[in-house]
Each structure stands twice: as structure tokens, then as C-alpha cells.
Amino acid sequence: MSTGDSGVSPDGTDIADLRPFEGRGPVRGRRAWPLLVCLVTAAYVVIPYLITPWFYQRGDTAAQFAPTWFHLGELVREGVWPVWLDPQSWAGGNYVAEALFGTYNPLNLLVWVGVSMGPDLALSTLAVKGAVLVLLALGTYALAREYAAAPWAAACVAIALPFSGFTLFWDAGSWPSGLMAFAYAPWVWVTMRRTLRGVANPLWAFAAGVLAVTNGNPYGTLAVVIIGAALVCEGLLNRNFPGALRLSVVGVCVAAFLPLVYLPLLESADLAVRSTGALFENSGKLRPTFGDLLAVSSPTHVPPIQAITGPMKVPATYLVWFVLPLLPWLRYGVLARRWREFTGLGLVALVYLAITLGPSKLWLFRWPLRTIEYFYLALVIAFAVLLSQGLARSRVRARLVGSAVLVVAAGYLSWAQDPEALRRVGIGFVALAGLSAVLLAAHLVLRRDLAVAAVAIAGVGAVLTLQVAVFDENASSRVWHVPSDVSLLQERFADREGRVMQFADLKPLQNKGQIAKLEQAWQHFLPGSMYHPAGVEAVNSYTGMGFLPFTRYFCMEYDGLTQPCGYSNLWRVQGGDRGSAADLMKLETVVVQPKLAEGVTPGEGWVEQSSSKDVIVLVREGELPWPGSELSWAPAGVEVTSAQTVSRWHQRVEVADAQERGDLVFAMLSWPGWQAELDGKPLKVSRTAIGLLTVTVPQGASGTIDLTYRPPGLLLGVVSAGVGTLLALGLGLVPYLTARRRRTRGYDQTVERPEEVLAPL
């Protein structure tokens, strides 16, 4: 469609009437734009991987998500679902309480199984993140179309948003759970708004909301709340009371899933490392200021924000290159004329802007930079609506000067922030200025929307390539460079037999950026949850919540690495005749750095299997007590005749006679949710000083002890989710029943509103 002048008055001012869109038209044409969005986004996703294969394997992705996805996929393929708890993963195994992996989310199952079947973790991660980024782009396109943006304008912002600074370098690079939560946001938004308008069955909004909530990331749940509340306000303002009520009921149905997802987290919070500290605080970490948002189109602007490993080193507040240069060319009258329609959009933008500029910690929500992408989502939707009106043609010289001033200002702000980075800033300025010139030339000379769209979309790929070439991996996030070939991992660590515990302090190498030495260390040790794909049953695993008694005793970090005090504590006797921690945990192999083993004598029954300047491997001699069970110790006064592991969440112990009251100790952590019964009568479940699970056997007792696990609040969660689902199904039947009643009466008063032709993708 040509952009020709939509009308210029005799005095040279623009007549900014709403431009018509081709809402109907051929099906092929309506599918072409969303298909283009998917294909281009998928192609652009590969660019960072081709430049630096480690790009998508930074921070938590490498040490936590990729290996845990692999492990969860293996469990699902073995028939374990829902995967509530893996006792063999110790501090990192309480998946339902950590919530981050989305235990009940059906789409996550596809991710887990797919990764577990892949031969290389890096490639599997690329595929997962690529699919999520495409989902994000397509959802953004649908949302822009919902607000009546032209297809070409919607495609421009949809392709650009996944490659904005924070989304690309942080969520896609390090935090896939946050990326997934954000990818659901536009789908929640578009389905909820269509429910408000009465042009879509409420079940779609319910499904999108439930997927966002069950993903387990609190930022996804926050998005459901903020977007839903903003749209209800929009409905009330426009006196669309039936729509507001309908959407409110959908919100209640979605909220009914919150107990199922988050009750285990709340019940386990006292044991978690994040339970410490103030409820609200401002450390300045990952907290942007308003000034950081003034250079949203500068590709090489690095904001002065405190990141994970020090100062920010990537363009985390970058949005898209064509926003600032085009500001003088937009027709803003449409916002004034349609302000009631944009009430929800404006509220979402304002709320997220406030959170983004808020303190570093608000209860569960740390590091407000994480919410900037939600603010940007609202921003690009408004921009797409403005862009759809066509770029102005009047006062060309003044507008050119305005664009030039904005481009120069963005370059100056980037230079002022880091004057020593003149080369980097210069590259970004030249790129922005050059692309802006080409874009405006396409507008003024070719006079075609398609030409403007082509330059905008191609520019996204060009800027993406430039940014990755300049910044490489996200150096603000932790570097790992762990091996990714699954078969090689399993071959390399095949000699780690039985239950393994590792003691290694590799943080100095990581913190100093000694990557070559760090990569060499992975020949003998593995961080986080990387032992899962290696096929090793290791105590060490990555945990975002921790288990304070256990991790503090072993001086263990969240990533499974340890301080020197942990190894010496392993051999300490745990009170009375219980034996050492190594015995109570039923360890069979211990791997330790030689520097951590200096001056420490292993417990009785342990011998060196191998020793070198890099690693010492100790193995246990003799059999473990009660093999095939997690029972590790029983007091002398309690006679145990047999013990067995019935299933992952069920231990059974036969007690012949308890001459005196005593505690059985199990080689598992005592997470909330474990329950014990003696022939149907409840027994006390507690824990040792280091967090191992104990069951108290009363004096004179005999019979069968069953120790089982169910997530805290499971019954309440299931009932609540069930009620919410039934209510949503009932709400979803209303349109069908209404239509059927109309047909029965012999007439149909359904009238298609003009804006409804814009709803399809």
C-alpha cells in the first residue's frame, strides 16, 4: 500500500485521519506477514550463535537450565510426571517448590523431552530459545494487529522486540525462564483484550493466562495481573461492563491456579536462601534510571548499571534502532482520537515504567531491569499504531533536523557515559545515522510502506550483527563454557560411580575471567547441574532457592561449587554414633581439588582411587547399609529388618522392635511435604542439624513405616485449579449457548463491528 500523502492542508499541516487497513483481503496475504515474522525472527536468532557459539549459554542457562531440562526430560520419558521432587538432586531437586521450571506447564514438557533427546546441549538450547523468541515475535505481531496496526508496521516491531537489549543479552542469553514468561505476555494481552471486546471465546484468555502462571516465573504471573487489571479499567472507562465482568471472571479462573504453583514455594521459603534480607531494598543492582532510557535507539549505549559480575557491559536498555529517528515523522493525532481504546495500553506502560525505575528488590521481584521489556512491549505497540498512519511528508526539512538531533543526542549520551569507548560509540553512531538516512530516503523517495518496512526489518538484523560482533557474549553475566556434547560428557565421567559429591572452588577462575583454565577444569569437575547429562548421580546441583542447613554446612554455593570448609565438614561425626556426614548421605565417591584436601584426613573406609595435581578421587570400601534404600542410620534400640525404595517419593522400612524411642536417618533432605506413617499412624518427620530427613520411631513400635512425599498444599492447589477450570469452561460455553438460542428463535442479531476485521493475524 502506498504511503502517499493522506492529506496536507493548504497551510502545510498534516491531516492525520485514520488510514484504512486491508482487514479482509486474500487469506494468503493475511498469512504472509505473520509467516514473514516467524521466518525472519528464526533467521536472526541464529546470527549470535554463528558469531559466538557460547552466546546463548551464559549464566543460569549453562549451569542450571540446559542440564536440568535434560534431566527432567529423562524423568518424564521414564514415566515420572509431574516431576515434583528429585531427592537425588539434593538442594537443587525441589522443582515444584522452586517453581521456576513450570512443573505443571504442558509446553515445558515438550522442552524437557526435546532437550533430553538432543545430542548437544548448546544446539538444544538454541532450538528452545529460538522457538520462544519466534513465539514472542508472533505474539507481538498479533497484539499490534489487535490495536489496529497495519500488518507491515506490526511486523516491524514484532521482529525488533525479541532483539532488544535486555531480552537478547539477558533473557535469551542467560535467563530462559524469564524469556518464556515474557513470550507469554503478548498472548495473554491479545486474548484478554479480545475477551474484553467480546470477539473471542474467554477460554483462549484462560488458556494463555494459565500457561503464563504455570510457567512458574513470578514475572509471568505479574504480567497476567497487570495486563488483566489494566484491561478491566479500560472496559470500565468505556462502559463495557459486560466485557469487564467477563474478563474479571477469567482472571479469577486463572488466579485459581496460583495455590497449585506457588504454595510449595511459600511452604519452603524459610529454608531458602532468598528468605534472608529485607522485603524491600535498593542495592542499585540491575536498576536502571530514567536517563538510561533516553538512548533506546543507540546500538552501543551501555547504561551505568550494576550487573551480576560488575558494571553492565552490554546495551541492556536498547530497544530498537528506528524508534528515535522516526519520532519527528509520526502522526500523533491518532492517540488523541482513540485514547479510550488505549487506556489499558497506557496503564500497562505506566505501571511497568514505575516498576522498572523502582528499588532493586520488591518482595519476590529482584532486579527491576527484568521488567523493562514489558514496558518496551507496550511502547512498541503504541509505536506500531503511530507508524501505521504513515510517516509525515510536510515540513520535511524541520523533521530531518529533528531526526538528526535525536541521533546525535543518542550518540552523545553513549559517549558521555563512557568517553574512553570512543571506537565502540563511534561504530554505533555511524550505524544509527546510516540506517536512519536509508530509512528516511526510502520514505521520501520511494514513497512506499513496504520500502520503509524492508529497511526497518533489515536494519534489525544489521544492528543485531553489529552488537554481537562488538559485545560478543554478555560479559555482565557469569561465564561457564561447559562442554555440551552429551556423549563425550558421559564418556569422560563414566568412572564416577554411585552417589558422588564434588568439592571444588572454581569461582576465582570465573571471577578473573581465566576462561582457558576454567575450560580445562571441566575435565575433572562440573558446575551446577551439569552432572545430570553426564549420567552421574551427584549431590552437587544448581539451586535458585537452596536448603540453608545443608548448603551452609558444606559451604556450598548456589551453583554447586564449594568453599574449602565444606570438604573438612564432610568427615565430621554427626553426633553420637551416627557416623560422618559422608556416611549418613550414603556417598560412594568423593571428588576433591587437592588444595581443598590439604590437612584433611578422610573417614574410615575411604581410599584414593586416583590422585593428581588437578583432582583426587576417593571411593568407599565395603557395602552401604540397607542397599536399595535411602535409610542410612538407625539407633541401636530400633531393630530394622528391611528397607527399600518403593519409588522416587516412597521409602518403606520394616521395624521388628523399638526397645527405645529413636530417629531413623535417611540420605535425603527434609523438604516440607515428606510424611511418615507406621501402619497408618502418623510419625514425626524432622531433620538433622545439616538437613537430613529423620523419622521418629516411638518406643515399643513395630511394623511397616511408609515415608512418602506430596507437595505442600497439593490438595488445595488441585481443588482450586479444578474449580477455576470448571468455571472457565462454563464461561466458555456461554457464547455457544447464546448463539444456539438465537438460531432456535430463527434469527441472529450478530453484527460484525468494523474493527473486528483487524483481529486475525
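Residues numbered from 1 in each chain as written. Predicted model: local features only at pLDDT ≥ 70, side-chain atom pairs only at ≥ 80, totals over all residues. Heavy atoms only, no water.

Draft legend 1. Layout of the overall build of the protein. Along the backbone of the protein there are 27 helices and 17 strands. With the principal axes as the frame, the protein shows a C-alpha extent of 105 × 75 × 45 Å. Residues counted as buried form 59% of the 761 residues belonging to the protein. Sequence separation of at least 24 residues holds for 75% of the intrachain contacts in the protein that already meet a minimum separation of 6. Accessible area of the protein: about 29800 Å², with a carbon and sulfur share of 61%. Side chains of the protein carry 60 positive and 56 negative charges; the gap between the two charge centres is 14 Å. (Helix = DSSP H or I, 4+ residues; strand = E, 2+ residues; numbered from the N terminus. Buried < 20%, exposed > 50% of the residue type's maximum accessible area, 1.4 Å probe, protein only. Contact = heavy atoms within 4.5 Å. Areas by Shrake-Rupley, 256 points an atom, 1.4 Å probe, with all protein chains shown as cover. Lys, Arg positive; Asp, Glu negative; His and termini not counted. Charge placed at Lys NZ, Arg CZ, Asp CG, Glu CD.)

Draft legend 2. Here's a closer look at the sheet that holds strand 16 (residues 692-697). Pairing is antiparallel across the open sheet formed by four strands, whose spatial order is 9-12-16-15. Looking along the sheet, the strands with just one partner apiece sit at the ends: strand 9 (631-633) and strand 15 (685-687). Averaged over all neighbouring strand pairs, the angle between strand axes comes to 40 degrees, with direction disregarded. Relative to strand 16, strand 12 (residues 662-669) is paired through five bridges, and the arrangement is antiparallel. Looking across to strand 16, one finds that D663 is bridged to T696. (Pairing = 2+ DSSP bridges. Axes fitted to C-alpha atoms, helices over the stretch in contact; angles between N-to-C directions.)

Draft legend 3. Inspection of the packing of helix 8 (residues 176-197) against helix 9 (residues 202-214) at higher detail. Viewed as axis vectors pointing N to C, helix 8 and helix 9 meet at an angle of 155 degrees, and their least axial separation amounts to 8 Å. Between helix 8 and helix 9, the interaxial angle falls into the category roughly antiparallel. Between helix 8 and helix 9 lies a crossing of left-handed hand. Every residue of helix 9 that contacts helix 8 at Y184, W187, V188, T191, M192 and T195 is listed here: P202, W204, A205, A208, G209, L211 and A212. For the contact of helix 8 with helix 9, the class distribution of residues is ten nonpolar, three polar and no charged. (Parallel < 35°, antiparallel > 145°, perpendicular 65-115°, else oblique. Left-handed = near helix turned anticlockwise from the far one by under 90°. Nonpolar A, V, L, I, M, F, W, Y, C, P; charged D, E, K, R; others polar.)

Draft legend 4. Here's a closer look at the packing of aromatic side chains. This structure, assessed with the given rule, holds 33 aromatic pairs. Centroid distance Y147 to F342: 6.0 Å. Interplanar angle 35 degrees. Geometry classified as tilted. With Y147 in the loop between helix 5 (121-146) and helix 6 (151-160) and F342 in the loop between helix 14 (333-337) and helix 15 (343-356), the pair connects residues that are 195 residues apart, well separated along the chain. For the residue pair Y147 and F342, the accessibility class agrees, reading buried in each case. (Phe/Tyr/Trp six-rings, centres within 6.5 Å; stacked < 30°, edge-to-face > 60°.)

Draft legend 5. Highlighting the side chain of R370. With respect to the element layout, R370 can be found in the loop between strand 3 (365-366) and helix 16 (372-388). At 5.7 Å, D60 is the nearest oppositely charged side chain to R370, a buried residue that forms no salt bridge. (Salt bridge = Lys/Arg side-chain N within 4 Å of Asp/Glu carboxyl O.)

Draft legend 6. Representation of the state of the cysteines within the structure. Considering all chains together, one arrives at one disulfide under this definition. The disulfide that involves C555 links it to C565, with 1.8 Å between the sulfurs. Around the S-S axis, the bridge from C555 to C565 shows a dihedral of about -135 degrees and counts as left-handed. With C555 in the loop between helix 23 (548-553) and helix 24 (564-570) and C565 in helix 24, the pair connects residues that are ten residues apart, well separated along the chain. For C555, a relative accessible area of 14% corresponds to the buried category. Among the residues examined, C565 registers a relative accessible area of 34% and is labelled partly exposed. The thiol of C38 is not disulfide-bonded; the next cysteine sulfur, from C156, is found 15 Å away. (Disulfide = S-S within 2.5 Å.)

Draft legend 7. Representation of the pairing of strand 7 (residues 606-611) in the model. In this sheet, strand 8 (residues 616-620) lies alongside strand 7 in antiparallel orientation, the contact comprising five bridges. Counted as the bridge partner of E608 is L618 from strand 8. Here strand 7 hands over to strand 8 after four residues, the two strands then running antiparallel side by side.

Draft legend 8. Representation of the nonpolar core within the structure. If you look at the biggest cluster of nonpolar residues, it comprises 246 residues, and the most contacted ones within it are W321, F322 and F550. Among the elements that make up this core, the one with the highest residue count is helix 16 (14 residues). Those residues in contact with F550 that lie beyond four places of it in its chain are W90, A91, M501, V539, M556, M585, L669 and I690. (Core = buried A, V, L, I, M, F, W, Y, C linked by side-chain atoms within 4.5 Å.)

Draft legend 9. Representation of helix 5. Relative to the 38 Å expected for 26 residues at 1.5 Å per residue, helix 5 spans 37 Å between its end C-alpha atoms, a close match to the ideal helical length. In terms of residue burial, helix 5 counts as a mostly covered element, since 22 of its 26 residues are buried. If you check the start of helix 5, you find a side-chain oxygen 2.9 Å away from the backbone N of A122, and it comes from D120. (Expected span 1.5 Å × (residues − 1). Polar contact = N/O pair within 3.5 Å; in protein donor to acceptor, adjacent residues only side chain to side chain.)

Draft legend 10. Layout of the pattern of salt bridges. Taken as a whole and judged by the stated rule, the model has 16 salt bridges. Here R338 makes a salt bridge to E341, at a shortest N to O gap of 3.1 Å. Overall, the relative accessible area of 33% leaves E341 in the partly exposed class. For R620, the salt bridge goes to D583, with nearest N and O atoms at 3.0 Å. Of this pair, R620 sits in strand 8 while D583 sits in helix 25 (residues 581-584), placing them 37 residues apart in sequence. Via salt bridges that share partners, E146, R193, R194, R197 and E234 belong to a single interconnected network.

Draft legend 11. Focus on a nonpolar patch on the surface. Together, L266, L279, F280, W363 and L364 make up an exposed nonpolar region whose accessible area comes to about 540 Å². You can see L266 is positioned in helix 12 (residues 258-268). (Patch = residues over 30% accessible without salt bridge, like charges linked within 9 Å, V, L, I, M, F, W, Y side chains within 5 Å.)

Draft legend 12. Representation of the sheet that holds strand 2 (residues 361-362). Across the sheet, which stays open at both edges, the three strands sit in the order 1-2-3 with antiparallel pairing between neighbours. Across the chains shown, the open sheet's two edge strands, defined by having one partner strand only, are strand 1 (280-281) and strand 3. One ladder, built from two bridges, connects strand 2 with strand 3; its direction is antiparallel. Its bridge partner being in strand 3, K361 is matched across the sheet by R366.

Draft legend 13. Main features of helix 10 (residues 218-237). If you check helix 10, its first and last C-alpha atoms are 29 Å apart, about what 20 residues at 1.5 Å a residue would give, namely 28 Å. With respect to burial, helix 10 is a largely interior element, 15 of its 20 residues being buried. Its side-chain oxygen 2.9 Å from the backbone nitrogen of Y219, N217 forms the N-cap of helix 10. Following helix 10 by one or two positions, R239 adopts a phi angle in the positive range, close to 60 degrees.

Draft legend 14. Geometry of unusual backbone geometry. With an omega dihedral of 0 degrees, the bond running from W81 to P82 counts as a cis peptide bond. Positive phi, close to 50 degrees, is recorded for H481, a residue that is not glycine. Tracing the backbone shows H481 in the loop between helix 19 (449-471) and helix 20 (486-492).

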